[in-house]
Amino acid sequence: MEFRDLLPDYLLGQLDSEEARRLEAQLERSPELQAELNSLRAALFRLPEQLAPITPPPRVWSRIQKRLRGRRLLPWSQIAAVAASLALVFAGIGLYQLQSLRALQAEQAKIARWLAIPEGKWRAIKNAQGEGIGTMIWLEDGSCLIVMKDPAPRDRVYQAWGRKDGQPVSLGIFRGRVYETRYEGFERMGVSLEPPGGSPQPTQPLGSVPVS
Amino acid sequence: MESDSDLIRQVAQGEESALEELYRRYGGKVYALLLRMLGGREEAEEVLQDSFVQLYKEARRYDPQRGSVSTFVFTIARNLALSRLRARRVRPQKALEHDLHDPEQEMGLWHEHDPTDRVLVERALARLSPEDRRLLEESFYWGYSHSELSERHQMPLGTVKTKLRRALLQLREFLEGKVREGGE
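Predicted model only: the values in this text are computed from it and were never measured.

Concerning the overall build of chain B
From N to C terminus, chain B includes 8 helices and 0 strands. Walking chain B from its N terminus toward its C terminus, one meets helices and strands in the order α-α-α-α-α-α-α-α. Within chain B, buried positions represent 36% of all 184 residues. Long-range contacts, defined here as pairs at least 24 residues apart, represent 63% of the contacts in chain B between residues at least 6 apart.

Here is the structure:
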């Protein structure tokens, strides 16, 4: 059977894991197959449109708001404590500079959002000399935030890497100090310093942390 | 009016007001889907909450190349509902009828600005053979596997597979056909 014939079954969750894995590998290689999948998905997910919408009780949105605020808005005292703890992580290794953090408003907002997530876990990213060069915050849903002590030098970029089966996989480049990516499926996550545009392999690894 | 794509980008940046607008646009449709899938109002409400909290957390993963925002929202809700159905191993035997005007149910018809999409989908579904339509809907709404469908309908497994594939391909064709007829 051709891969194309498996697409409806795939969308309806009817393939076993091995069949699905083979199809997904083929989808990575074939834009045409991916386009066909997207087209069938669009048709399939119009099915719920046959149903007349029904107004949910007002309490549903209230509960959603409450859960979002519980997730985002910890009491300021807790946020301050978390921020102070993060500062200590850096300060303790003599590298944290609060002034530069304040200068980068967008990055600060992003960091604050992550700090307010109660289930977030952190680990310092250290170089070969054991000095902290940044921190990684990660969530159980597979997402993570890399916070570097300093922005990349003017003529260089940071490149994030995941290590899988001993091989580095590029997760993208960034110039600032903050980078959101995903860690799931990797044994380690790391950062290297690279020429603009990045490199196929890390040329100047800075540090890494285990994530599995 | 802001597009769904703009809104989901704002949600990815933590904008609660953008999520509220998406809820206003899709909450009633997702709730209808969940009532159809799960049968019970209480569980449908729980999953509706879970769906929009997850949408808030996952918004940055939205890829417009892979589908519309509505597809993304429905996918999240359907996956959560299917997990519940699989956990309890019993599906609703039929879509429950709700009295939409009973204030005790705190429900009512969603203010539907434009029922065109609903009518188009209903017409496309009506063009499928009743058997193909039933298989497609039972697989989509209740997550029945090929073998479960084969047993439920006392139909050979190969026939179920063929009919399901055909049903989805025809649904797409009929939906696209409607667009062409509409001159778009």
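A few points about the overall build of chain A
For chain A, the count of helices and strands is 7 helices and 8 strands. The buried share of chain A, reckoned over its 212 residues, is 29%. Look at the contacts in chain A between residues 6 or more apart in sequence, and 51% of them connect residues 24 or more apart.

Examining the interface of chain B and chain A
With 48 residues of chain B at the interface, the matching set in chain A holds 35 residues. The greatest single-element share of the side of chain B that touches chain A, amounting to 10 residues, is contributed by helix α2 (residues 16–38) of chain B. Partitioned by chemical class, the residues of the side of chain B that touches chain A number 22 nonpolar, 13 polar and 13 charged.

As for the packing of α2(B) against helix α4 (residues 69–88) of chain B
Residue and element names in this part refer to chain B. For the pair α2 and α4, the least separation of the axes is 10 Å and the interaxial angle reads 25°. Comparing the axis directions of α2 and α4 gives the class roughly parallel. Of the two possible hands of crossing, α2 and α4 adopt the one that is right-handed. Each of Tyr26, Val30, Leu33, Leu34, Met37 and Leu38 in α2 lies in contact with α4, whose residues at this interface are Ser70, Val73, Phe74, Ala77, Arg78, Ala81, Arg84 and Leu85. Taken together, the residues that form the contact of α2 with α4 break down as 11 nonpolar, 1 polar and 2 charged.

Side note on the pairing of strand β7 (residues 188–194) of chain A
Residues and elements named next belong to chain A. By the criterion of burial, β7 is predominantly enclosed, with 5 of the 7 residues buried. Two strands pair when backbone bridges link them, and strand β4 (residues 157–164) and β7 are joined in this way by 7 bridges, in the antiparallel orientation. Bridge pairing links tyrosine 158 to leucine 193 in β7. Two strands pair when backbone bridges link them, and β7 and strand β8 (residues 205–210) are joined in this way by 5 bridges, in the antiparallel orientation. The residue bridging methionine 189 from the neighbouring strand is valine 209, located in β8.

Re the packing of α2(B) against helix α3 (residues 41–58) of chain B
Residue and element names in this part refer to chain B. In contact at an axis separation of 9 Å, α2 and α3 are set at 140° when each is read in the N-to-C sense. One element, α2, and the other, α3, form an angle in the oblique class. For the element pair α2 and α3, the recorded crossing hand is right-handed. Residues Leu19, Tyr23, Gly27, Val30, Tyr31, Leu34, Leu35 and Leu38 of α2 lie in contact with α3, whose contacting residues are Arg41, Glu43, Ala44, Val47, Leu48, Ser51, Phe52, Leu55 and Tyr56. For the contact of α2 with α3, a count of residues per class yields 13 nonpolar, 2 polar and 2 charged.

Some points on the nonpolar core
By size, the foremost hydrophobic cluster in this structure holds 61 residues, and its most contacted members are Val11(B), Val30(B), Leu34(B), Val73(B), Ala77(B) and Leu171(B). Those residues in contact with Leu34(B), other than ones at most four positions away along the chain, are Ala44(B), Val47(B), Leu48(B), Ala77(B) and Ala81(B). Ranked by size, the runner-up nonpolar core spans 24 residues in total, among them Cys144(A), Leu145(A), Trp161(A) and Val191(A).

Topic: unusual backbone geometry
Backbone phi values are negative for most residues with the exception of glycine, while trans is the configuration of most peptide bonds. At Asp165(A), a position not held by glycine, the phi torsion is positive, near 50°. A positive phi angle, close to 45°, is found at Gln154(B), a residue other than glycine. Assignment of secondary structure puts Gln154(B) in the loop between α7 (146–153) and α8 (157–181). The class for Gln154(B) is exposed, based on 6 C-beta atoms found within 10 Å.

Considering the confidence of the model for chain B
All names here are of chain B. Of the residues in chain B, 82% reach a pLDDT of 70 or more, and the chain-wide mean stands at 84. For chain B, the element scoring lowest by mean pLDDT is α8, at 85; helix α6 (residues 130–142) scores highest, at 95. Contacts from residues 95–110, a stretch scored under 50 in pLDDT, to residues over four places away or in other chains number 22 contacts. Scored below 50 in pLDDT, residues 178–184 shows 4 contacts in the model against residues more than four places distant or in partner chains. The ipTM value of the predicted complex is 0.84, and its pTM value is 0.61.

Regarding the confidence of the model for chain A
The predicted model of chain A has a mean per-residue pLDDT of 82, with 83% of residues at 70 or higher. For residues 93–103 of chain A, every residue scores under 50 in pLDDT, and the model assigns this stretch 14 contacts once sequence neighbours within four places are set aside.

Considerations on helix α1 (residues 3–11) of chain A
When α1(A) is considered as a whole, its buried residues turn out to be Leu6(A), Leu7(A), Pro8(A) and Asp9(A). A positive phi of about 70° marks Gly13(A), the residue just after α1(A).

Thoughts on the environment of Arg69(A)
Residues and elements named next belong to chain A. Position of arginine 69 among the secondary structure elements: in helix α4 (residues 58–72). Owing to 12 C-beta atoms within 10 Å, arginine 69 belongs among the exposed residues under this scheme. In this structure, the C-alpha to C-alpha distance between arginine 69 and alanine 116, residues 47 residues apart in sequence, is 9.7 Å.

About the criteria used
In every chain, residue numbers begin from 1 and rise along the written sequence. Chain labels run from A onward and ligand labels from 1 onward, assigned in the order the entries are written. Residues qualify for local features only when their pLDDT is at least 70, as the model is predicted, and side-chain atom pairs are given and counted only at 80 or more; totals for whole chains, interfaces and linings, by contrast, use all residues. In this description a helix means any DSSP run of H or I spanning at least four residues, a strand means any run of E spanning at least two, and both kinds are numbered starting from the N terminus. Any residue surrounded by 20 or more other C-beta atoms within 10 Å of its C-beta is treated as buried, while 12 or fewer makes it exposed and the intermediate range makes it partly exposed; C-beta atoms here are placed from the backbone. Placing a C-beta atom from the backbone of each residue, one calls two residues in contact when those atoms lie within 7 Å. Each residue is assigned to one of three groups, with Ala, Val, Leu, Ile, Met, Phe, Trp, Tyr, Cys and Pro labelled nonpolar, Asp, Glu, Lys and Arg labelled charged, and all others, Gly among them, labelled polar. Here, axes are lines fitted to C-alpha atoms. For helices the fit covers the stretch in contact, and angles between N-to-C directions go from 0 to 180 degrees. In these notes the angle categories are as follows: under 35 degrees is roughly parallel, over 145 is roughly antiparallel, 65 to 115 is roughly perpendicular, and the rest is oblique. Two helices crossing with the near one rotated counterclockwise from the far one by less than a right angle form a left-handed crossing, whereas a clockwise rotation gives a right-handed crossing. Two strands qualify as a pair provided that DSSP identifies no fewer than 2 bridges between them. Nonpolar cores are built from buried Ala, Val, Leu, Ile, Met, Phe, Trp, Tyr and Cys residues. These are joined into a set through C-beta atoms within 7 Å. Residue-level confidence of the predictor is summarised by pLDDT, bounded by 0 at the bottom and 100 at the top.

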